[in-house]
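Chain by chain, the residues:
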Amino acid sequence: MSNQHYDVIIIGTGAGGGTLAHSLAPTGKKILILERGGWLPREKENWDPKAVFVQERYHTTEMWYDKQGRAFRPGTNYYVGGNTKVYGAVLLRMRERDFEQVTHYDGVSPEWPVKYSEWEPYYTRAERLYGAHGERGIDPTEPHASGPFPFPAVKHEPRMQEVYDGLKAQGWNPFPLPVGVRLDEEYRHLSQCIKCDTFDGFPCLVDGKYDSDTTCIRPAMHYRNVTLLTEAMVTRLKTDSSGKTVTQVEVKRNDDIEHYSADVVVVACGAINSAALLLRSANDRHPNGLANRSDQVGRNYMCHNNTAILSVSRKINNDKFTKTIGLNDYYWGADDFDYPLGHIQTLGKSLPAQLEGDAPSILIPGVGLTLDFVAKHAVDWWITTEDLPSPNNRVELTRNGDIMLSYTPNNQEPHKRLLAKLKHAMEHVEGGMTHFIPQDVYLSKQIPLAGVAHQCGTVRFGADPLTSALDVNCKAHDLDNLYVVDSSFFRSSSSSNPSLTIIANALRVGDHLMERLGVQASAATPNGVQEMVMA
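All of these numbers come straight from a predicted model, not from anything done at the bench.

The sheet built from 4 strands is open, its strands ordered β4-β3-β19-β18 with mixed pairing. Here the strands that pair on one side only, and so sit at the sheet edges, are β4 (71–72) and β18 (394–397). Strand contacts of helix α6 (residues 271–280): β3 (64–66), β18 and β19 (403–406), with the helix running at about 40 degrees to β18, the strand carrying the most contacts.

Contact geometry for helix α1 (residues 15–24) and helix α5 (residues 212–220): axes closest at 8 Å, N-to-C directions at 35 degrees. Where α1 crosses over α5, the handedness of that crossing is left-handed. Where α1 abuts α5, its residues Ala15, Gly18, Thr19, Ala21 and His22 lie against Ser212, Thr215, Cys216, Ile217, Pro219 and Ala220. Taken together, the residues that form the contact of α1 with α5 break down as 6 nonpolar, 5 polar and no charged.

Moving on: the layout of surface pockets. Here the second largest pocket defines a volume of roughly 200 Å³. Top contributing element to the lining of the second largest pocket by residue count: helix α3 (residues 116–129), with 3 residues.

Take the nonpolar core next. Grouped together as the largest cluster of nonpolar side chains are 108 residues, with contacts concentrated most on Ile11, Leu34, Leu237 and Leu482. Counting residues per element, this core draws most heavily on helix α10 (residues 499–517), at 10 residues. Setting aside residues no more than four positions away along its own chain, Leu237 makes contact with Ile11, Val246, Gln248, Val249, Val265, Val267, Leu277, Leu278, Ser281, Leu290 and Leu482. Among the nonpolar cores identified, the runner-up in size contains 21 residues, and Ile325, Leu327, Trp381 and Val429 belong to it.

Under the definition given, this model contains 22 aromatic pairs. Between Trp64 and Phe72, the aromatic rings sit 6.3 Å apart at their centres with planes inclined by 85 degrees, giving edge-to-face as the arrangement. Using a relative accessible area of 1% as the deciding quantity, one classes Trp64 as buried. A residue is classified by how much of its surface remains accessible, and Phe72, at 12% relative accessible area, is buried. Members of the aromatic cluster, each reached through a chain of ring pairs, are Phe99, Trp112, Tyr116, Trp119, Tyr123, Phe461, Phe489 and Phe490.

Counting buried positions over the 9 residues of α5 gives 7, a clear majority of the element. Residues of α5 that are buried sit in contact with α1, β2 (31–34), α3 and β10 (226–229).

What counts, and at which threshold
Residues numbered from 1 in each chain as written. Predicted model: local features only at pLDDT ≥ 70, side-chain atom pairs only at ≥ 80, totals over all residues. Heavy atoms only, no water. Pairing = 2+ DSSP bridges. Helix = DSSP H or I, 4+ residues; strand = E, 2+ residues; numbered from the N terminus. Contact = heavy atoms within 4.5 Å. Axes fitted to C-alpha atoms, helices over the stretch in contact; angles between N-to-C directions. Left-handed = near helix turned anticlockwise from the far one by under 90°. Nonpolar A, V, L, I, M, F, W, Y, C, P; charged D, E, K, R; others polar. 1 Å grid on protein atoms, 1.4 Å probe; cavity = no way out; pocket = protein on both sides within 12 Å on 5 of 7 lines; lining within 4 Å. Points joined across faces, edges and corners; volume = space filled by probe spheres on them. Core = buried A, V, L, I, M, F, W, Y, C linked by side-chain atoms within 4.5 Å. Buried < 20%, exposed > 50% of the residue type's maximum accessible area, 1.4 Å probe, protein only. Phe/Tyr/Trp six-rings, centres within 6.5 Å; stacked < 30°, edge-to-face > 60°.

Shown next as structure tokens:
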């Protein structure tokens, strides 16, 4: 198949690449999708917390390097569907003000060139495509929406309902967390999602999660104009002598090097790998890497200030599907703090084996606090505060061409304050917190450098080619046929999960590409199942 020409090549099958492939598949245009990994195996280990979290069965085994040159294994996944295979499927819109310049405790979050009013219809389409369950009108920071969620909010189980009610009684405004699950709570016997305790961070054995694989790639493969190559790692993009056009996509597959070409080439490898690919593709016309005249490629890496916290109460938590509560009361600030604090949401239920990696910090001598006790009594939370773009937080390459990730956290004071507010509130929720534990009854862990699930910002978009790598349609300023459609384009990280914005942007760029290609989505219809080409 090497040396074939396509109308569009899409590199990557995650939230960005997979959604774009789904959008373009009905156009009849000849599309090649390249995925460096294979299909995530459906096996019992999908739901085994020890296999998933302790042994890291589905994470890549490749090593990256920090700014001191120390190797680490990143928490990222190379499969059809990318990181959506294990994401928590939280589908939050960024707030309207997130697209404006915002002053934070530690600096300024920059303005976006595309405002919320232009994003809104794509958010609505993204929620429909990824099956968002939610309820409008409860979140006090909720932006305008042109319609309701496509599905009703996931119902709280008993302990989570107590937590929800307990927070509300204190004046908080908890809201049903919007999640993308194939769930029918009225007819549970027909529901694909079974509301299990192995959802958040796990692959879904029964395909009950709206990930990019099941939602977009598999349906796209019903079109004969679409070809998917797995185990096909793109190593380099080559340009013509002018440097204006990508003419070849170099692929390593089955230990061979293959080349493909297309009228349009779309990079969607994730913010870190997309930047690395552009840097690896340096040539005489682009000595610092493709699309890098601005020296912005790889810079402004963001990943959020994230903390996972377990609040351990006297009351047993027997709930299984706990990812149902969101809190934005302090998203934009507090009475005692003038700067934005961030977002809070519940996590999936902790299981004893899942906590093994953190056992030294959890087992407190003299009080008999076992992993089993913690897991049974915990209410699990995830706290997100915006980190700010910094040119020195960046993706670079080592001399051997490996990824080097330099990151110094910023804007952490708001994060500490938000954590303190949640702790105080949970002390007054029914069931209370165990007061016999020394020091602190909350067990928290800030996500380390290897936690790259919320990566964004390394190939930022904008109107000025001197300060951005991409234009407002996510096309490289410096090349006429190269696009980047993943979280790389973000100018700021907000305090919301990035998934829905990545999906919405892929739909937005999809509309732009259909106009560029002179086609409509109705130009083709499925014609049997296209053979999926495997390595």
